[in-house]
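# Breakdown of the fold
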Amino acid sequence: MTRNFCFIFLLLAAIRAEAQQVRPMTASAIYKELRQLNKMTRVLYLAAHPDDENTGLLSWLVNEAHANTAYLSLTRGDGGQNLLGSEQGAALGLIRTYELLEARKLDGAGQFFTRVIDFGFSKNPEDTFKQWDRNAVTADVVRVIRQFRPDVIICRFPPTSAAGHGQHTASAMVAEDAFRAAGDKTKFPEQLKTLQVWQSTRLLWNTFRFGNTNTTDERQLKITAGQYDPLLGLGYGELAGLSRSLHKSQGAGTQSVAGRRTEYFVHVAGKPTTSGLFDGIQQGWERAGQQLIGTAIDQIIQKFDFTRPEASLPSLIALRKKLAGVRQNLDVSDKSRSLDGIILHCAGLMAEAVTDRPEAVAGEKLSFKLNIVQRAGIPVQLKSVRWPGENPGSQPLRLPADSLFTIPKELALPESLQPTTPFWLKTPPKTASQFSVDDEALIGKAVNEDAPAVRLTVLIAGEQLQLDVPLSFKKLDPVRGDVVEALRIVPAFDLKFAQPLYIQTGNTAFQAGVRIAARRSMDNGSLRLTCEGKTIASVEGLRLSAGKDTLITIPVRAGNLPPAKEQGLVMYASIDDNFGQHFERTQQLINYSHLPVLQYFTPASARLVKADLKVAVKKVGYVEGAGDLTADFMRVAGIEVTVLKESDIGNPDRLAAFDAIVTGVRALNAERRMVAWMPQLLNYVKNGGTLVMQYNTLQDLSVRQPGPYPLSISNTRVTEENSTVTFTDPSHRLMNYPNKITQTDFLGWVQERGAYFAGSWDQRYKPLLSMNDTGESPALGSVLYAPFGKGHYIYTSLAFFRQLPAGNPGAARLFFNFLSAGKNER
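Residues numbered from 1 in each chain as written. Predicted model: local features only at pLDDT ≥ 70, side-chain atom pairs only at ≥ 80, totals over all residues. Heavy atoms only, no water.

What follows concerns the pattern of salt bridges. With the rule as written, the count across this model stands at 46 salt bridges. Linking glutamate 310 and arginine 308 is a salt bridge whose minimum nitrogen-to-oxygen distance equals 3.8 Å. We classify arginine 308 as partly exposed; its relative accessible area is 42%. Residues arginine 813 and aspartate 745 are paired through a salt bridge, measuring 2.6 Å at the closest nitrogen-oxygen approach. (Salt bridge = Lys/Arg side-chain N within 4 Å of Asp/Glu carboxyl O. Buried < 20%, exposed > 50% of the residue type's maximum accessible area, 1.4 Å probe, protein only.)

The structure is reproduced here in structure tokens:
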């Protein structure tokens, strides 16, 4: 890739809309861009997860220091918990990626990621680096540093236990490794085919006060942040609260705090400083030897008219011509790209390419409207339009001033378009710790940059500029008004099992359902189910009609199945059409009001639990919490599950009809009505019912007393999913009926044993299990049982919400025993 090609690519990426429309910035935002145009400084903030960043400092760096600032989150937060719904793993990471991008829209910083996967809480860096390849994650951070070229790198955490999380500590350790390696041509030399070495000036640690932990000191380097910004109408602390509150899946709502505050820093590596973040760093155009360019930008800033941004266009065009004659280097190229964006914003250019279809198959023909408006105050000419898969259409047209100009288009989408899916989820990861990214140019990026788009070439005062307008779906929503989202490219067929998990016991056959979404017809296809690489069932002569969903039911004989596994089995579905094409993916859509609709694809698969599972209950009531799939698992097992409403919980006769009641994860955090419901639920137990309460966190509890007797929740957790489990009373009924629980039932667990164990409890509770992470004392609070009145109360912080959807048979047996506490043995 040549230097010129790199520059053009970055230019188009900058002008391409973050959203689906190209829209002009407000005058105050343009003014801020001009201020940043006159600064060469760049800052990279680095931590482990989404929501680790100091949004107040990011806001100050962007809006007050006018530094080009970005946040590098090592992970996408895949191992976290979800307050909004049942998404876990990669799906949750996708949600949190876009929550970060929404936050960045507010504070103005950029966003980077590495390929490393968040595996959940870890207690120390040694545990973290057992999961993560330290060299691989360091290479990714080095790549980002060489791409972004920051003058200053700031860590959120220290490389000590004060970081509070093994991945936090690891992020600081990797930051120092990468700080030194990025400027060393012998480190990761394969990157130097397209990048250059870069040595940042200094690495700092942004110290903090978190709860009872205070790492700040008045002797540390200090800056004043939180100032009021009249262009925002907010102080940076207030803006930070709004930005951080966009991490809705984490329940990270944060107060917007007005007023100045102090940020503290400790020197880690590089050139020390006592006077400021940028001490000894050339911040302006003198860095490129072009002080006169800086002077010209100062004059444009001084004359900027907030009521008429277009009045700056002649001066901006003149500046563009000057820059074209300046010797190009990476700094100048960055600023030239920013300048072109400012010109288009000052021209008031709006453009959209919209259709009335949310999704389409490659090769399909759609009707589009290309809508363009310019408010430049000087002539603007549309020189050419290039639709995806076509040559540029040369049709010089003078765009009318502040009037909508529409070009209709019947477009056959290029056959080469791939289904829309995040680049890091296109290929299954080769290891559990790192996403597979085939194109190394994508490493570090936040999201895809290859969405199909219309390329416009415009002439403004004789200067030629290009911009890409994404192909979009537009509809009028009666509540939200205009909704504009990315056009999703989908395959001709996708498959989905009728249920995410199947249970097979003994030698009995079971019926597997596969739903096929057909976007074109199929005359003579075949459907195949496989498990462990072996075909276990098939259907030939498959006929499908375009535009219809078809449910195919296939009997699966027990004799066709491979032997059971501790972690369960996985079935896969695929179809081959009469043209020899192969389809094996399931479309997944995520739809939350604070995010765009997100699409990704997974292998068409279902978990298969092949085990002797016994359950003695038939009807279970379920109190919804923050979102999990426990209720779905119980239904698959043949249990009739009813999601309880307020009218149910207030009716003792209604509750008495249930063999057991289960509360969803974090029900005491997510459901404010639990303060009124808990007495009703405990009365149900007193009258002979069984209540199984899943884990809750300490944050924002609606009920301080979650059980019939005193019980407190702690931060204790066991993160080693293969840690030894000891039975405190092997003869206890919950360990024996209806399933005999043994050590084998704790094999094959995923991510963790559990979190937020009970910390202290009344002697009337009986702890049933003991477990601990390496080097720690045994923790007894994962399962507490207490008889209460005529019934049974169980508090469990075991991670059933992870184990049951994963098809772990041992976890299922234990959970069914809890449900069956009130049933007599037969």
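Once you've had a look at it, read on.
A word on the packing of aromatic side chains. Aromatic ring pairs are described here by two measures, namely the spacing of the ring centres and the angle between the planes. Using the criterion set out here, one finds 25 aromatic pairs in the structure. Each ring, one from tyrosine 31 and one from phenylalanine 306, has its centre 5.0 Å from the other, and the planes form 45°; the classification is tilted. Of this pair, tyrosine 31 sits in helix α2 (residues 27-37) while phenylalanine 306 sits in the loop between α9 (291-303) and α10 (313-324), and the two are 275 residues apart along the sequence. Here the aromatic rings of tryptophan 205 and phenylalanine 208 are separated by 6.0 Å at their centres, their planes lie at 75°, and the arrangement is edge-to-face. The residues tryptophan 205 and phenylalanine 208 share a single accessibility class, namely buried. Here the guanidinium or amino end of arginine 76 rests over the ring plane of tryptophan 424, the centre of that ring lying 3.4 Å away. Between arginine 717 and the ring centre of tyrosine 756, over which it is positioned, the NZ or CZ distance is 5.1 Å. (Phe/Tyr/Trp six-rings, centres within 6.5 Å; stacked < 30°, edge-to-face > 60°. Helix = DSSP H or I, 4+ residues; strand = E, 2+ residues; numbered from the N terminus. Lys NZ or Arg CZ within 6 Å of the ring centre and 35° of its normal.)

Strand order in the open sheet formed by seven strands is β3-β2-β1-β4-β5-β11-β8, with mixed pairing between adjacent strands. With one partner strand each, in any of the chains shown, β3 (110-113) and β8 (221-225) form the two edges of the open sheet. Here the average twist between neighbouring strands, direction ignored, is 30°. Pairing between strand β5 (residues 202-206) and strand β11 (residues 261-270): five bridges, direction antiparallel. Bridge assignment links asparagine 206 to a residue of β11, and that residue is phenylalanine 265. (Pairing = 2+ DSSP bridges. Axes fitted to C-alpha atoms, helices over the stretch in contact; angles between N-to-C directions.)

The next thing to look at is the packing of α10 against helix α11 (residues 330-346). Where α10 contacts α11, the two axes come as close as 10 Å, and the packing angle between them is 155°. By the criterion of interaxial angle, the relationship of α10 to α11 is roughly antiparallel. Considering only the axes of α10 and α11, their crossing is left-handed. In contact with Leu313, Leu316, Ile317, Leu319, Arg320 and Leu323 of α10, α11 contributes Val332, Ser336, Leu339, Asp340, Ile342, Ile343 and Cys346. Of the residues belonging to the contact of α10 with α11, the class tally is 10 nonpolar, one polar and two charged. (Parallel < 35°, antiparallel > 145°, perpendicular 65-115°, else oblique. Left-handed = near helix turned anticlockwise from the far one by under 90°. Contact = heavy atoms within 4.5 Å. Nonpolar A, V, L, I, M, F, W, Y, C, P; charged D, E, K, R; others polar.)

Position of glutamate 485 among the secondary structure elements: in strand β22 (residues 481-486). Within the buried core, glutamate 485 has no salt-bridge partner, and the shortest N-O distance to an opposite charge, that of arginine 488, equals 4.5 Å. If we ignore the near neighbours within four places in the chain, the residues touching glutamate 485 are Gln20, Ser472, Phe473, Pro596 and Val597. (Lys, Arg positive; Asp, Glu negative; His and termini not counted.)

The terminal C-alpha atoms of α11 lie 25 Å apart, and with 17 residues this matches the ideal 24 Å at 1.5 Å per residue to within 8%. Across the 17 residues of α11, 13 count as buried, placing the element largely inside the fold. Note on α11: the residue one or two positions beyond its end, glycine 348, has a positive phi of about 60°. (Expected span 1.5 Å × (residues − 1).)

Most peptide bonds adopt trans geometry, and most residues besides glycine take a negative phi value. The omega angle of the peptide bond from tyrosine 737 to proline 738 is -5°, so this bond is cis rather than trans. Examined against the element boundaries, proline 738 turns out to sit in the loop between β41 (725-727) and β42 (754-755). Although it is not a glycine, phenylalanine 188 sits at a positive phi angle of roughly 50°. Note on placement: phenylalanine 188 falls in the loop between α7 (166-181) and β5. The residue tyrosine 756 is not glycine, and still its phi comes out positive at about 55°.

Both faces of the sheet carry side chains from a regular strand, because those side chains alternate between them. Across four bridges, strand β35 (residues 619-623) lies against strand β36 (residues 640-643) in parallel orientation. Bridged to valine 620 within β36 is valine 641. Following the backbone out of β35, through helix α12 (residues 630-636) and into the adjacent parallel β36, one traces a crossover that is right-handed. (Right-handed = clockwise from strand over helix to strand, strands pointing away.)

One finds Leu34, Leu370, Trp387, Leu413, Leu456, Ile460 and Leu471 to be the most contacted residues of the largest nonpolar core, which totals 57 residues. Of all the elements, α11 adds the most residues to this core, at six residues. Apart from residues lying up to four places away in sequence, tryptophan 387 is in contact with Ala353, Phe368, Leu370, Lys409, Leu411, Val454 and Leu471. Among the nonpolar cores identified, the runner-up in size contains 47 residues, and Ala67, Leu100, Ile154 and Leu277 belong to it. (Core = buried A, V, L, I, M, F, W, Y, C linked by side-chain atoms within 4.5 Å.)

Relative to the elements of secondary structure, glycine 781 occurs in the loop between β45 (769-771) and β46 (783-788). For the pair formed by glycine 781 and serine 797, sequence separation is 16 residues and the distance between their alpha carbons is 7.7 Å. If we skip the residues at most four places from it in the chain, glycine 781 touches Phe757, Ala758, Trp761 and Ser797.

A word on empty space enclosed by the protein. Tallying each qualifying case throughout the model produces four cavities of 30 Å³ or more. Roughly 70 Å³ of volume is contained in the largest cavity. Surrounding the largest cavity, Gly80, Gln81, Asn82, Gly85, Ser86, Glu87, Gln88, Leu92, Gly627, Val665, Tyr695 and Phe801 form its lining. For the lining of the largest cavity, the residue count by class is four nonpolar, seven polar and one charged. (1 Å grid on protein atoms, 1.4 Å probe; cavity = no way out; pocket = protein on both sides within 12 Å on 5 of 7 lines; lining within 4 Å. Points joined across faces, edges and corners; volume = space filled by probe spheres on them.)

Attention shifts here to the packing of helix α6 (residues 134-148) against α7. Where α6 contacts α7, the two axes come as close as 9 Å, and the packing angle between them is 55°. Judged by the angle between their axes, α6 and α7 are oblique. Considering the relative orientation of α6 and α7, their crossing is right-handed. Contacts between α6 and α7 involve Arg134, Val137, Thr138, Val141, Val142, Ile145 and Arg146 on the former and, on the latter, Met173, Val174, Asp177, Ala178, Phe179 and Ala181.

With that settled, the discussion passes to the confidence of the model for the chain. Per-residue confidence for the chain gives a mean pLDDT of 93; residues scoring 70 or more make up 97%. Across residues 1-18, confidence stays below pLDDT 50; counting only partners more than four residues off in sequence or on other chains, it has 30 contacts. (pLDDT = per-residue confidence, 0-100.)

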